[in-house]
Amino acid sequence: MPLIDSGSTAKSYDVIVVGSGAAGGQTAYTLTMEGARVLMLEAGRNYDPRTESPMFNTPDTAPLRGSGTPEKYFGYFDATVGGGWTVPGEPYTNVSTEKNRKFTWWRSRMLGGRTNHWGRISLRNGPYDFKPRSRDGLGFDWPISYEDVSPYYDKVEMLVGVYGTNEGLENTPNSPEGVLLPPPRARIGELLARQRGRPLGIPVIAAHRAVLSRPLDSKNLPAKIHPGNAKAQRILAEDMQNRAACFWATDCGRGCAIRANYQSTTVHIPPALATGNLDILTQAMVREVTVDAAGKATGVTYIDKTTGTEHHVSARVVVLGAGACESVRILLNSKSALFPNGLANSSGLVGKYIMDTVGASWNGQIPLLESLPPHNEDGAGGGHVYAPWWLYKEQRAGKLGFARGYHVEFGTGKTMPQGFSSFGPNADGNTSYGRRLREEARRYYGSYVGFTGRGEMIPNADSFCEIDPKAVDKWGIPVLRFTWKWSDHEFKQVAHMQRTFADWIAAMGGTSKGTPSPDGSKAIEPGGAIIHEVGGTIMGDKASSSVTNSWSQTWDVPNVFVADGGVFASNADKNPTLTIMALAWRTADRILDQMRQGNL
Amino acid sequence: MDRRLAIKWMLAASAGVVMARNPMLGASNPPGIAEPEPPFGYGKDSNLMKASKPGDYWPLTFTELQRRQAAVLADIIIPDDGKNPSATSVGVVDFVDEWVSAPYPDNLRDRKIILDGMAWLDEESVRRFGRRFAESSEADRLVLVEEMSRSQKAEPDAGSSQAFFRLVRDLVGVGYFTTPVGMKDLGYVGNVPLATFDGPPAELVAKLGLVDEVKW
Ligand SMILES: Cc1cc2nc3c(=O)[nH]c(=O)nc-3n(C[C@H](O)[C@H](O)[C@H](O)COP(=O)(O)OP(=O)(O)OC[C@H]3O[C@@H](n4cnc5c(N)ncnc54)[C@H](O)[C@@H]3O)c2cc1C
Ligand code: SF4
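Residues numbered from 1 in each chain as written. Chains lettered and ligands numbered in written order. Predicted model: local features only at pLDDT ≥ 70, side-chain atom pairs only at ≥ 80, totals over all residues. Heavy atoms only, no water.

K.L.:
Teacher, can you tell me more about the pairing of strand β15 (residues 478-483) of chain A here?
P.N.:
Two faces belong to every sheet, and in a regular strand the side chains alternate between them. Residue and element names in this part refer to chain A. Summarising the sheet, strand β3 (residues 93-94) and β15 pair through two bridges and their orientation is parallel. Within β15, the position partnered with Thr93 by the bridge is Arg481. Summarising the sheet, strand β14 (residues 464-472) and β15 pair through five bridges and their orientation is antiparallel. Each residue of the ladder has a partner; that of Glu466, found in β15, is Arg481. Hairpin connection from β14 to β15: five residues lie between these consecutive antiparallel strands, with Gly476 at a positive phi of about 85 degrees. (Pairing = 2+ DSSP bridges. Helix = DSSP H or I, 4+ residues; strand = E, 2+ residues; numbered from the N terminus.)

Have a look at this one:
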């Protein structure tokens, strides 16, 4: 039985993987496909996208017409289970009450974690992104370079399926020929943004998203992904055939029952289970990593949430993939005589240098897009194009006043109306009703464009998490307390984003509401709000200045690894998940190698 | 994003993401105190596959009188236009009732605006025309609605009858255009599986002076 209960765990495993999202899913996939025996522990409930994705449900069948509420922030049909900005019974705290000094933490409690409802935007870090300090003297260099990671980006893209194009733009790497899937055609508003962005110097190119625009090549890819491993190739080929291509309808955030986009539950876990090497225990909240007298990890202690009882499981290796901050929490709660400050914390850096993505948005109304003849704009359930950062030269020349870049994601078109929205005043400032309301609704619907900037935050010593001295969760496990601070680099970047977006909207012949503030501290989204939190167990080349080495292996406890974004030494503007998966794969390869050599 | 600041039909422009208020942007708690958990409505793990109707997750609270007034208002805001049915015929009154009866903070705030506004509207109607709003003549009702619609302000003053009407109008509009009937009227033609995604029609691309120059 692959989905087991706490009474039926094996006596010992090769590897325990904590978490089942991008990090845990990729780690378990790589390890089991190569023959290791793995136990995956997931704090949330079992979740099956094939039967639980409300793909075509219309908002008139949902409470409040599908509006976002504090219980379902991204709308009723969003796939998130058991989480959001708060998780019942699992609090966290902030040191400060100021908006710009607080961290907000999105979690979910389900098999597959946040990969069930993420945006599927899958960008590679570029060569600059691994060596930022060498370029501008700020933050940290990674102990690895783009060349170390690129073979793993190739593998992840081939496995999960990512659409996009190779444009050869600066610090925006190409994938090898035949790796990316063709992107969908641009929508009308996306074409307009592309045309009007060009004179402003903004390149609009195909988005990279983990969506199958065509079926995966099950004949050729498995051999490239698992060379020399016939069993893995056979399992993967069969699994690829069971993933349908996107049918160009429905919001990916609701989950994809036909397995056309990447969710850990549709891409990583099914083939991993098919190997027979994976046991999954859901509703298992890991509290701490246990160690023996020699300081080696022996396994983990967890709470079975269905019974409230505590259990222990053993393994040769423990991999933490609970999400950057949650993995920090587990390490800091793993206190023993040998490790009084928490596990792997001899540097004192566990929990330090938490980063999120810098985010701000700006909207406009575009008369050219009014009253367009109805045509289907659903597409791939998300953006078809985006703009990578384009001002490297100006930034190098010191003309921008902030050190790192951002990319632009945007939304246009006649997407399915759902949830609350204000219709605003009419042209006379009055509230339309009757025939005029219908006419205006038809005219303006689909004539809006919303730009969002996604920028690089520089790690700083004032953005960190630690164990709260008092607060505990409902099982009595101490919880995290956050401290947060932005620097001027981020504020100035946000001001630049909004000014650029307002100019862009004007270039599209549109109008925005108000004028952007030159003070970015007013417009910046709170720390954590973009849900790209990384850092806290950063990798480096010295045990004194980092938590893990270049293999995401903790310096202090060689059989404990971190597979999630915790190891990021910087947080490029590129959304983190593709990099999390590439690094998790690389780490799993290393674990396999070291186990074979008898070092683990 | 505070949804109050959303301009017009903004939800169409944010790639399907309809956000509530992030509690972190709201009032601050003392340091070291966790954000409060939201009041329980449908919970964080309801059965998403199951169709629900207003009243399934929390009781509806409109009185018979309030329902009648809401129905009259809804059909003035979106009447049958000969081609498309009116607001009441697609369940908009139930939706407004569900909205003002919901336990979440935004809904509690809106509840006060709506219930106070409805009480005021009946009083005003009795004062000027001798009858409650729902029992007044069509001409008398329209006089009141027309007055409430004239805000001349992007955001009508809080507590004014104009602010009340703006909210009622938005709720009726949302309730209507999120139904299959309303979506059809708007010209939303998606939510159907397609074998290929062909992008915008070529004539439209040409008409807007665009080139589908994207090389893929
Ligand atoms: C709405 C939204 C949109 C996003 N869009 C994008 C995007 O377009 N591109 C992108 O790159 N990223 C995006 N992200 C971010 C992306 O979801 C995360 O980077 C990614 O899921 C991280 O993977 P993870 O495995 O580290 O964590 P998660 O996916 O969160 O998985 C961690 C799992 O561990 C479990 N867990 C936690 N603690 C414990 C414990 N103590 N014991 C046992 N199990 C535990 C959790 O329940 C969870 O299931 C988005 C996120 C959200 C919410
Ligand atoms: S848009 Fe495509 S990939 Fe996304 S949920 Fe729908 S069918 Fe799946």
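K.L.:
Please clarify how the packing of aromatic side chains should be interpreted in this entry.
P.N.:
Any pair of aromatic rings gets described here by the distance separating the centres and the angle formed by the planes. Under the counting rule described, the total for this entry stands at 40 aromatic pairs over all chains. Ring geometry for Tyr76(A) versus Tyr42(B): centroids 4.8 Å apart, planes at 75 degrees, classification edge-to-face. Of this pair, Tyr76(A) sits in the loop between α2 (49-52) and β3 while Tyr42(B) sits in the segment before α1 (64-77), each in a different chain. Grouping residues by exposure puts Tyr76(A) and Tyr42(B) together as buried. Here the aromatic residues Trp389(A), Trp390(A), Phe402(A), Tyr406(A), Phe410(A), Phe451(A), Phe501(A) and Trp504(A) are joined through ring pairs into a cluster of three or more. Lys352(A) extends its terminal NZ or CZ atom over the ring of Phe464(A), reaching a point 5.5 Å from the ring centre. (Phe/Tyr/Trp six-rings, centres within 6.5 Å; stacked < 30°, edge-to-face > 60°. Buried < 20%, exposed > 50% of the residue type's maximum accessible area, 1.4 Å probe, protein only. Lys NZ or Arg CZ within 6 Å of the ring centre and 35° of its normal.)

K.L.:
Help me understand unusual backbone geometry in this model?
P.N.:
Where the residue is not glycine, phi is negative for most of them; where a peptide bond is considered, it is trans in most cases. All names here are of chain A. Of note in this structure, Arg65 is not a glycine but carries a positive phi near 55 degrees. Residue position: Arg65 is located in the loop between α2 and β3. A relative accessible area of 3% places Arg65 in the buried class. In the Ramachandran plot, Ser552 falls in the positive-phi region, its phi being about 65 degrees despite a non-glycine side chain. Among the secondary structure elements, Ser552 is positioned in the loop between β17 (534-536) and β18 (560-562). On the accessibility criterion, Ser552 (2% relative accessible area) is buried.

These figures come from the coordinates and say nothing about function on their own.
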